[in-house]
Amino acid sequence: MLRVKNLTHERVREVNCIRILQYLRRFGEATKGDLENFLGVSHTTINTYIQDLINEGYIGLFGTGDSSGGRKPALIRLLPDVRYAFGVNVTPQEIQMALVNLTGETKEIISVPYPMEQGLSEALNTIAQKVFEWIHKYDVAKDAVLGIGMAFPGLVDDESLVLEYLPNLKIKDYSMKDFQRTLDMEIFLENEANTAAYAEYLLGNGNHMGNFVYVSIADGIGAGIMVENCIFRGNRKRAGEFGHIKVSDQKKKCSCGREGCWELFASKRALLGSFDDPEEEARYLEHLFYQYDDGNQDVIERVDEYVKYLFSGLGSILLSLDPYCIIIGGDLGEYAHRFIEIGTEKLKLVEQFFGYESIKIIGSALPGNGALLGAALLPFEQVFNFQRNVL
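All values reported here derive from a predicted model rather than from experimental measurement.

Draft legend 1. Here's a closer look at the overall build of the protein. Check the secondary structure of the protein and you find 13 helices and 15 strands. The C-alpha radius of gyration of the protein comes to 23 Å, within 12% of the 21 Å expected for a compact globule of 391 residues. Along the longest, intermediate and shortest principal axes, the C-alpha atoms of the protein span 70 × 50 × 40 Å. Accessible area of the protein: about 18400 Å², with a carbon and sulfur share of 46%. The protein carries 39 positive and 54 negative side-chain charges, and their two centres are separated by 5 Å.

As structure tokens, then:
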């Protein structure tokens, strides 16, 4: 939290306007009295802040609230369509895209196959075409677009706009500067587990929790780490690559070049094998757990073995970071509750985490869409400053 008493008058004004926007984004609406109490400022001061935000086009007055005596207070809300952002999540199977407005309303969301054989350039052409199509379809002014947030499975450098190493997409040192010039709008690159953690922090089960680890189970395994309300990226922006910790002595080679990596034994591919169609994956998982519950011994042994490897990696996270909780999401997020139930209730694996038994392990509230929603929210950081000024 910024220490307002050490800031200049103008900076205090800016910070408090941001906090008003955060409040409205979280609670939907407020009266002047609500905001006076929230900020601890006078009626005159709150009027100044509100007028600033009205002049900038972010808020408006909408009807009246309940009165405790006297004139009914005006309700203040964000103007939803004054700013927009695009979100993109690129996986080995598909490209997910969304258009989101200032209040978080998703105007449209789509998924299209990722043309792995044609490479990333063809995927970027598809993304650009859809961006321009949506701008025309929804009559979005170019200066109302804050940018496009993009999530990728691997190491990215947002400052230099380089996709450093995406092993599951077979991409290394790919510059996104030409793509930014093509779009003529700012792009925000981020690791997909980080964007999913960011979405979980703002919208899901990590809602303003501040300190947790989000584990994304997809073709690989990644982790998004929230520390003191901010995404923790590490010295070289490589924090959270827990998918490549060693959990087995088996001579099984990972795409990173090492052997025995966690994602080889606890990723989606480890449980399902290879599917090109998400609907096929869903049917397979449904049938797998039907057989598990029906007592198929081979399936029970297979799933239990998978869960043991999953919890082995979770144990390393607990010992390394001591978070408030771990949230499991990603492509297998809808089945997180089953993995947790098997690991905690049946196999009693948390009893091996000496001193860490009380740390919660929970499923994501945003299974499947977390990385995409988080990517779409990244450009709004410019407006809401969520990671610097928290409620």
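After that view of the structure, there is still more to cover.
Draft legend 2. Inspection of the sheet that holds strand E9 (residues 171–175) at higher detail. Strand order in the open sheet formed by three strands is E7-E8-E9, and the pairing between neighbours is antiparallel. Lying at the two open borders of the sheet, with one neighbouring strand each, are strand E7 (155–157) and E9. Each adjacent strand pair in this sheet contributes to an overall mean axis angle of 5 degrees, direction not counted.

Draft legend 3. Local environment of the pattern of salt bridges. Under the definition given, this model contains 21 salt bridges. When the shortest N-O distance is used, the salt bridge between Lys-137 and Glu-108 registers 2.8 Å. Highlighted residues: Lys-137 in helix H4 (residues 120–137) and Glu-108 in strand E5 (residues 106–113), separated in sequence by 29 residues. Under the relative-accessibility criterion, Glu-108 is labelled buried at 19%. With a shortest N-O distance of 3.7 Å, Asp-249 and Lys-246 are connected by a salt bridge. Each member of the pair, Asp-249 as well as Lys-246, carries the same accessibility label: exposed. Among the charged side chains, a network of salt bridges with common partners joins Asp-219, Lys-268, Glu-281 and Asp-331.

Draft legend 4. Here's a closer look at the packing of helix H9 (residues 278–293) against helix H11 (residues 336–346). Here H9 crosses H11 at 25 degrees, and the two axes come no closer than 13 Å. Viewed along their axes, H9 and H11 adopt a mutual orientation that is roughly parallel. The chirality of how H9 crosses H11 is left-handed. Contacts between H9 and H11 involve Phe-289, Tyr-292 and Asp-293 from the first element and Arg-338, Phe-339, Ile-342 and Lys-346 from the second. Across the contact of H9 with H11, the residue classes tally to four nonpolar, no polar and three charged.

Draft legend 5. Main features of the confidence of the model for the protein. For the protein, mean pLDDT is 90; residues scoring 70 or higher make up 95% of the total. Across residues 1–5 the pLDDT falls below 50, and counting only partners more than four positions away or on other chains, this stretch makes eight contacts in the model.

Draft legend 6. How the structure looks around helix H3 (residues 43–55). The end-to-end C-alpha distance of H3, which contains 13 residues, comes to 18 Å, matching closely the 18 Å that a straight helix rising 1.5 Å per residue would cover. Buried residues belonging to H3 abut helix H1 (9–27), helix H2 (32–39), strand E1 (59–64) and strand E2 (74–78). Where H3 ends, the next residue or the one after it, Gly-57, has phi of about 85 degrees, a positive value.

Draft legend 7. Geometry of the sheet that holds strand E10 (residues 187–191). Spatially, five strands are ordered E5-E4-E3-E6-E10 in an open sheet, and the strand pairing comes out mixed. Two strands lie at the open edges of the sheet, namely E5 and E10, each paired on one side alone. Across the sheet, the axes of successive neighbouring strands diverge by a mean angle of 15 degrees, strand direction being ignored. In the sheet, strand E3 (residues 84–90) pairs with strand E4 (residues 94–101) via seven bridges, with the strands oriented antiparallel. Bridging across to E4, Phe-86 finds its partner in Leu-99.

Definitions and cut-offs
- Residues numbered from 1 in each chain as written.
- Predicted model: local features only at pLDDT ≥ 70, side-chain atom pairs only at ≥ 80, totals over all residues.
- Heavy atoms only, no water.
- Helix = DSSP H or I, 4+ residues; strand = E, 2+ residues; numbered from the N terminus.
- Rg over C-alpha atoms; globule rule 2.2 N^0.38 Å.
- Areas by Shrake-Rupley, 256 points an atom, 1.4 Å probe, with all protein chains shown as cover.
- Lys, Arg positive; Asp, Glu negative; His and termini not counted.
- Charge placed at Lys NZ, Arg CZ, Asp CG, Glu CD.
- Pairing = 2+ DSSP bridges.
- Axes fitted to C-alpha atoms, helices over the stretch in contact; angles between N-to-C directions.
- Salt bridge = Lys/Arg side-chain N within 4 Å of Asp/Glu carboxyl O.
- Buried < 20%, exposed > 50% of the residue type's maximum accessible area, 1.4 Å probe, protein only.
- Parallel < 35°, antiparallel > 145°, perpendicular 65-115°, else oblique.
- Left-handed = near helix turned anticlockwise from the far one by under 90°.
- Contact = heavy atoms within 4.5 Å.
- Nonpolar A, V, L, I, M, F, W, Y, C, P; charged D, E, K, R; others polar.
- pLDDT = per-residue confidence, 0-100.
- Expected span 1.5 Å × (residues − 1).

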